[in-house]
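Analysis of the macromolecular model
Each chain is listed here by its residues.
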Number of protein chains: 2
Amino acid sequence: MGKNIPVPAIERLSKIYTVVSGLKKSDKKRISSAELESLTGIQAHSIRKDLSLLSPVKSGKEGYSTDSLEELVSATFGFNRKRRICVAGLDMLGMAILNNPDSALSGFEIAAGFDNSINRMEMITTKVPLYHFYEIEETVRRLEIEFAILAVDAEGAQKTADRLLAGGIRGILNFSPVILEPKLNLLVRNIYLLEELRLLSALLAQDPVPLTRGQTGAASPDKGNSEQYK
Amino acid sequence: MGKNIPVPAIERLSKIYTVVSGLKKSDKKRISSAELESLTGIQAHSIRKDLSLLSPVKSGKEGYSTDSLEELVSATFGFNRKRRICVAGLDMLGMAILNNPDSALSGFEIAAGFDNSINRMEMITTKVPLYHFYEIEETVRRLEIEFAILAVDAEGAQKTADRLLAGGIRGILNFSPVILEPKLNLLVRNIYLLEELRLLSALLAQDPVPLTRGQTGAASPDKGNSEQYK
DNA sequence: TCCTATCTGTGAATTATTTCACAGATAGGA
DNA sequence: TCCTATCTGTGAAATAATTCACAGATAGGA
Ligand SMILES: NC(=O)c1ccc[n+]([C@@H]2O[C@H](COP(=O)([O-])OP(=O)(O)OC[C@H]3O[C@@H](n4cnc5c(N)ncnc54)[C@H](O)[C@@H]3O)[C@@H](O)[C@H]2O)c1
Ligand SMILES: NC(=O)c1ccc[n+]([C@@H]2O[C@H](COP(=O)([O-])OP(=O)(O)OC[C@H]3O[C@@H](n4cnc5c(N)ncnc54)[C@H](O)[C@@H]3O)[C@@H](O)[C@H]2O)c1
């Protein structure tokens, strides 16, 4: 179980999990690697290989059991346990995320929102409890919040990340256009809108356009070489 | 020039470009691969290797010239040409993006917004011209819009993508939680919030937590095997 | 001008990931 | 029960990406 699964495989397996758990609502009891390929775009080859890195799923002539497949990935990666998250920065982007219907984040619970503008917070109506920037550390610790969605402006990003980490946060989804200092014990995935657009440009400039290759997950595990952790 | 650069290298080079062009405002004229490493988290090794895939930059004992480095990447990937983009779906997320200051998207111009709710559009004040869903195809073609940011709800995602493509769009940044059908001549990068959170969970479940490895870019080039393009 | 310290550029070696191909397992029918 | 068609599971092979290590280039000082 604790075997080391390559990051690209983790990304694919998460996507497979998403698709399979979406499928479960329908009556589908079994699914083959070929069907999964057409739903996810991941090659059947890779799907079987990836699953073989986990403990065995219940399979047979008619493919995998959707139940046991979901259960297996879920257990391996801890998707069954509900995790508390928070949103830092409550301007338009942060509010859009805060107002997401719960169902859109199934498995996660938005337990707090943070901003440094009292005015702004007073104008907001939401059922998520809101706190000031100064209360980040204490609140994250008290509510045992594990992940943060960072949607503050560029100037505030690093110091907000520092506070979150001081409170014991384990991972950050960083929407701000800032490269956060790498820290030991902190996972960062960056969602850089401008970078994504540039990437589209760059891929378009390739010849041939590389449609046929590539990962499956999403943003970027933050790179860091062991020397520079602070 | 038209040599084929691996996708992970493209992702790194785009990030390097972002950092270097941010730097240029300051007086820095030259930068070494080691300095770039500490700014980007990408190892100096890789930076030099990646740059060696492009035509030569002006370098010397004191590292790369920031000007020629920026110029080189920019020319290779077409970052110098301004591209028109659009936003489809103007609820909270779409509006957050529409209201982004221009500077935040330098190199891109938001030339249109689309929604299928007339009511919603009448309430919006913005300098970006807005159009109805029905006008997508014609407008994309007329304004020569190259990329779209897709922020419609799940039900509308595929049909909106189809309209955009019919208008000749080249790439989509997909924020909706839907796996779009792969199409030839269409680049898709997905930004799946829930997936990202799951990935954080999954990475945390690894032992050791894989901080030291990983790409640099951001979201996911959509996988597709050549058979299934429609 | 020559020497030296610094930093790049890049083949070669290493490591990681994907793809292949086929043996084995299963379900369903004869 | 046995046979067959289907689909998984997984080592081995192929491919891709990263890291290494060092030759060569440059700037600045003696
Ligand atoms: N809000 C978030 O935090 C968040 C984060 C990540 C992703 N997303 C996804 O982004 C999308 C947008 O989310 P949202 O929070 O802005 O709210 P939403 O999903 O309610 O917004 C949908 C908007 O798209 C419009 N729309 C629907 N069908 C359309 C069509 N065919 N053509 C044009 N417009 C159409 C609707 O009128 C509405 O304005 C959703 O798919 C959501 O799942 C949201
Ligand atoms: N709007 C977009 O389309 C978009 C897309 C991708 C990324 N981003 C990035 O996401 C971030 C949020 O963007 P936005 O459009 O919501 O507007 P914004 O950048 O104006 O919002 C910043 C919010 O963070 C708050 N803030 C600032 N410093 C803080 C601190 N130290 N602690 C807590 N809160 C703090 C501010 O009060 C404000 O509410 C920005 O970094 C932006 O670049 C925006």
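One structure accompanies this document, and this report is about it. What you see is a predicted model; the values in this text were computed from it and never measured.

Some remarks on the protein's contact with DNA strand C
- Around DNA strand C, the structure places 23 residues, and the nearest of them are Arg12 of chain A together with Ser33, Ser59, Lys61 and Tyr64 of chain B.
- The separation between a base nitrogen of DNA strand C and a polar side-chain atom of arginine 48 of chain B is 3.2 Å.
- For DNA strand C, a sugar or linking oxygen lies 3.2 Å from a polar atom in the backbone of lysine 61 of chain B.
- Elements represented by at least two residues in the surface near DNA strand C include exactly helix H1 (7-23) and helix H3 (44-53) of chain A together with helix H3 (44-53), strand S2 (59-60) and strand S3 (63-65) of chain B.

Some words on the pairing of strand S8 (residues 171-174) of chain B
Residues and elements named next belong to chain B.
- Residues Gly171 and Leu173 line one face of S8 and the alternating positions Ile172 and Asn174 line the opposite face, and both faces are buried.
- In the sheet, strand S7 (residues 147-150) pairs with S8 via four bridges, with the strands oriented parallel. By the bridge assignment, alanine 148 is partnered in S8 with isoleucine 172.
- Pairing between S8 and strand S9 (residues 187-190): four bridges, direction parallel. Along S9, the bridge assignment pairs isoleucine 172 with valine 188.

Quick notes on the site of ligand 2
- What surrounds ligand 2 is a group of 22 residues, the closest being Asp91, Leu93, Asp115, Arg120 and Val152 of chain A.
- Taken together, the residues near ligand 2 originate from chains A and B.
- Arginine 120 of chain A is positioned such that a nitrogen or oxygen atom in its side chain is 2.7 Å from an oxygen atom of ligand 2.
- The fraction of the free accessible surface of ligand 2 (810 Å²) that becomes covered by protein chains is 87%.
- Of all the secondary structure elements, the ones that give two or more residues to the shell around ligand 2 are helix H5 (92-98) and helix H8 (154-166) of chain A together with helix H5 (92-98) of chain B.
- Looking at the shell around ligand 2, its residues break down into 12 nonpolar, six polar and four charged.

With respect to unusual backbone geometry
All names here are of chain B.
- The phi angle at glutamate 144 is positive, at roughly 50°, despite the residue not being glycine.
- Residue position: glutamate 144 is located in the loop between helix H7 (136-143) and S7.
- Here the phi dihedral of asparagine 185 falls at roughly 70°; this positive angle occurs in a residue that is not glycine.
- Structurally, asparagine 185 is set in the loop between S8 and S9.
- Residue classification places asparagine 185 among the exposed residues on the basis of a relative accessible area of 57%.

Points about the protein's contact with DNA strand D
- Near DNA strand D, the surroundings consist of 23 residues, among which Ser33, Ser59 and Lys61 of chain A together with Arg12 and His45 of chain B are the closest.
- Of everything in DNA strand D that lies within 4 Å of the protein, sugar and phosphate atoms constitute 69%.
- One of the backbone nitrogen or oxygen atoms of lysine 61 of chain A is found 3.2 Å away from a sugar or linking oxygen of DNA strand D.
- Contact between DNA strand D and arginine 12 of chain B: a phosphate oxygen at 2.7 Å from a side-chain N or O atom of the residue.
- Counting only elements with at least two residues in the surface near DNA strand D, the list comes to H3, strand S2 (59-60) and strand S3 (63-65) of chain A together with helix H1 (7-23) and H3 of chain B.
- Among the elements that make up the surface near DNA strand D, the one with the highest residue count is H3 of chain B (four residues).

Concerning the sheet that holds strand S1 (residues 30-31) of chain A
Residue and element names in this part refer to chain A.
- Spatially, the three strands line up as an open sheet ordered S1-S3-S2, and their pairing is antiparallel. Edge positions in the open sheet fall to S1 and S2, since each of these has one partner strand only.
- Sheet contacts for helix H4 (residues 66-77): S1 and S3; angle to S3, the most-contacted strand, approximately 70°.

The rules behind these values
Throughout, a residue's number is its position along its own chain's written sequence, starting from 1. All chains are assigned letters beginning with A, and all ligands numbers beginning with 1, in the order in which they are written. Reporting of local features is limited, given that this is a predicted model, to residues whose pLDDT is at least 70; pairs of side-chain atoms are given and counted only at 80 or more, and all residues count toward the totals for whole chains, interfaces and linings. With hydrogens and water set aside, each side-chain value is computed from the structure's full complement of heavy atoms. Working definition: residue near molecule or strand if any one of its non-hydrogen atoms lies within 4 Å of it. Identification of polar contacts relies on pairs of N or O atoms within 3.5 Å, with a donor-acceptor requirement for protein atoms, meaning one able to donate a hydrogen and the other able to accept it, and with residues adjacent in sequence counted only if both atoms are side-chain atoms. Per the convention used, a helix needs a DSSP run of H or I reaching at least four residues, while a strand needs a run of E reaching at least two, with both numbered from the N terminus. Only protein chains enter the area calculation, which uses a 1.4 Å probe; residues under 20% of their type maximum are buried, those over 50% are exposed, and those in between are partly exposed. Paired strands, in this sense, are two strands between which DSSP finds at least two bridges. Note that accessible areas follow from Shrake-Rupley with a 1.4 Å probe, and for residues the cover is restricted to the protein chains shown. Residues are sorted three ways: Asp, Glu, Lys and Arg are charged, Ala, Val, Leu, Ile, Met, Phe, Trp, Tyr, Cys and Pro are nonpolar, and all the rest, Gly among them, are polar. It only takes one pair of heavy atoms within 4.5 Å for two residues to be counted as in contact. Under this scheme, a helix contributes an axis fitted over its contacting stretch, all axes are lines through C-alpha atoms, and angles between N-to-C directions fall in the 0 to 180 degree range.

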